[in-house]
Amino acid sequence: MKAQKEKMQRSRSLTNGGFFRRLAIYGFLGIASGIVLTPFVTLLNVSVQSPDSTATNLSWPENFYWQNFVTAWTKGDFPLPMLMLNSLIVASVVVPTTVLVSVLAGYAFGTLRFRGDKFLFFIFMIGLIMPFEATIVPLYYQLRSMGLINNLVGVMLPQVGLFCAFGIFWLRQFFKAMPPSLIEAAKVDGAGTFRILRSVLLPISWPPILTLATLVFIWSWNEFLLALVVLDRETRTAPSGLASFSGQWTTDIPALSAAAILVALPTVILYVALNRKIIAGILQGAVKG
Amino acid sequence: MKFQQATKTDLVNLKFIRGLSLQRLIPYLYIIPAGVFFTAFVLWPLFQTMNLSLFEWTGIIGAPVTFVGLNNYVSILSEAYTWMALSHTLVFILTFSIIPVCLGLTFAALFSREKIVGLVFFRTVIFLPQVIASVVIGVAWRWVYQDLGTLNQVLSVLGISEGRAWLGDFEWALVAVGLIGSWVMTGLTMVLFLSGVGRIDSDLYDAVKIDGGGAFREFFSVTLPGLRPELIVAMTITLIAALRSFDLVFVTTKGGPGKETIVPGTEIYRLAFRENYLGEAASMAMILALIILALVRTISFLLRERQ
């Protein structure tokens, strides 16, 4: 009897708690989302203000100056189309190359046994934690001796080197989870390791490969330090170029904001389209401690 | 007869060895392409950083390269700027790592087992800063922090009139940049812990409830231990972000005002590409790399699975 009463009390307090808990959760989520969005809304708002405006807050514009985006895109001393094109060229080489070398190595680490596999994999994983800050000094002079300074190739090659660490980690995990019977069956049929990869594993590997390609595109597009150091102002990629021109440009705050939005646009579009995959990829990326 | 026999076994041996070694070499062939990129552009430069940190060089072609032993480290570590940069990193560890992890855990504790309508939407929003270029984040936050910016606007709505330009303020610039880090990383920790909490066996929560345990017991005996893998990931990602804060600092304050927001990354950039002290820049990079390695090792040691 007493126990039953207690149980009822507990369950009642639970439902009460449930309501407040719910309130707290939505409050927390709402505030968090608001804080996350405030700088972006500010940026959007500033980008449609009159070109001579200096207010950088949330005050409603008297008129929406959408032509700021045209100014940002066409203004002569700020070659935004070229900077974006450079970013696109870099990414369009870095993404397929990284995916290719990562598939090959991830396959070997995930399904083949060989002497030193654990050690070699461990070495690659250094790339997951080492930023370009740690290697940029000799890297710059190495690229100079290769004649790759102020050359987009000088940005591409190191990016492949760094990003393939994640690619290998990511695809090894996937290949490791393949049912061994699948590979065994192909082996019995006399397939070599390359044929197993090409005709058995690859056809079912497109989802993780697509995620990898998306993440590498975002990282390549956003990469900053390397492009800043290796490339000259006129040939930079979009983010590093924007940074070097933004100082000069503070007179036209709305156009600079519009330019920043245009630079962010490709990654935001990808993110909106593939957010589930991107979130899963980034979260699993550093599982290796 | 004897001779023939010997040749036969030799031949068999030879075939065996050859077949075996070819077979054994195949896996390495798959690794070579990635290995070439990784060795040439990550491992080798890392090794060269260590190497260069022992020399004095201005980077000018034909300039003398002089071996100076550990002198670069001595001079770097006796420079006040280095210690300023490192102490700023400590502040960033608080704002990039500890604050987001605590907020994420609070959130997970509130959250455990609650079914949320619209979760995908909230998750997508709070994770957004992770995919935006740091220079765009920098521009947006520069506007927020300006004297006529959003922060002062919000403060004045709250009745605090403040005309400060936060990023140009000697007292506040470091905290202001650091809080951008909290803003970037909190979404990540929240989403991470959220997915972790979903994985915890709900029987464990029921068990605590049957025992009459409250929210605190629930958190410390079920949620927190259950989130161990996520905690390792969150600490690792956020600590590395705190240490590699070059991008964010460069696009917001460039280390200023004065030296108020310099970090190891900006010091490496200044020493190497502004003042041509390559040896000292390399020794700074080595110190940074060693701190990162030590922290990653410490996290996985402290949070390792205990039997």
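Residues numbered from 1 in each chain as written. Chains lettered and ligands numbered in written order. Predicted model: local features only at pLDDT ≥ 70, side-chain atom pairs only at ≥ 80, totals over all residues.

(A) Up close: the domain arrangement of chain B. What the domain assignment lists for chain B is domain 1 (2-52) and domain 2 (72-302). One C-alpha centre belongs to domain 1 of chain B, the other to domain 2 of chain B; they are set 44 Å apart. (Domains from an automatic or database assignment.)

(B) Here's a closer look at unusual backbone geometry. In the segment running from Gly256 of chain B into Pro257 of chain B, the intervening peptide bond is cis, with an omega of 0°. Structurally, Pro257 of chain B is set in the loop between helix H11 (246-252) and helix H12 (264-273). Despite not being glycine, Asn150 of chain A shows a phi value in the positive range, around 60°. Mapped onto the fold, Asn150 of chain A is located in the loop between helix H5 (136-145) and helix H6 (152-176). Look at Asn150 of chain A and you get partly exposed, because 15 C-beta atoms sit within 10 Å. Positioned with a positive phi, Lys254 of chain B is a non-glycine residue whose angle comes to about 55°. Topologically, Lys254 of chain B is positioned in the loop between H11 and H12. (Helix = DSSP H or I, 4+ residues; strand = E, 2+ residues; numbered from the N terminus. Buried ≥ 20, exposed ≤ 12 C-beta atoms within 10 Å, placed from the backbone.)

(C) Here's a closer look at the interface of chain A and chain B. Taken together, the contact pairs 79 residues of chain A with 79 residues of chain B. Among the elements that make up the side of chain A that touches chain B, the one with the highest residue count is helix H1 (residues 2-47) of chain A (17 residues). Residue composition of the side of chain A that touches chain B, grouped by class: 58 nonpolar, 18 polar and three charged. (Contact = placed C-beta atoms within 7 Å. Nonpolar A, V, L, I, M, F, W, Y, C, P; charged D, E, K, R; others polar.)

(D) Examining the nonpolar core more closely. Among the nonpolar cores identified, the biggest contains 170 residues, and Val137, Ala165, Ala259 and Ala260 of chain A together with Val136, Ala281 and Ala285 of chain B are the most heavily contacted of them. With 16 residues, H6 of chain A is the single largest residue contributor to this core. Beyond its immediate sequence surroundings of up to four residues, Ala281 of chain B is in contact with Val137 of chain A together with Ile268, Leu271 and Ala272 of chain B. (Core = buried A, V, L, I, M, F, W, Y, C linked by C-beta atoms within 7 Å.)

(E) Helix H9 (residues 215-226) of chain B, seen in detail. Residues and elements named next belong to chain B. Taken together, the buried positions of H9 are occupied by Glu218, Phe219, Val222 and Thr223. Looking straight down H9, one finds its buried side chains confined to an arc of 130°; they lie on one side. Every exposed residue of H9 that faces more than 90 degrees away from the buried side is listed here: Phe216 and Pro225. In this structure, the buried side of H9 is in contact with helix H3 (80-111), helix H7 (173-199) and helix H8 (202-210). (Arc of directions from axis to C-beta.)

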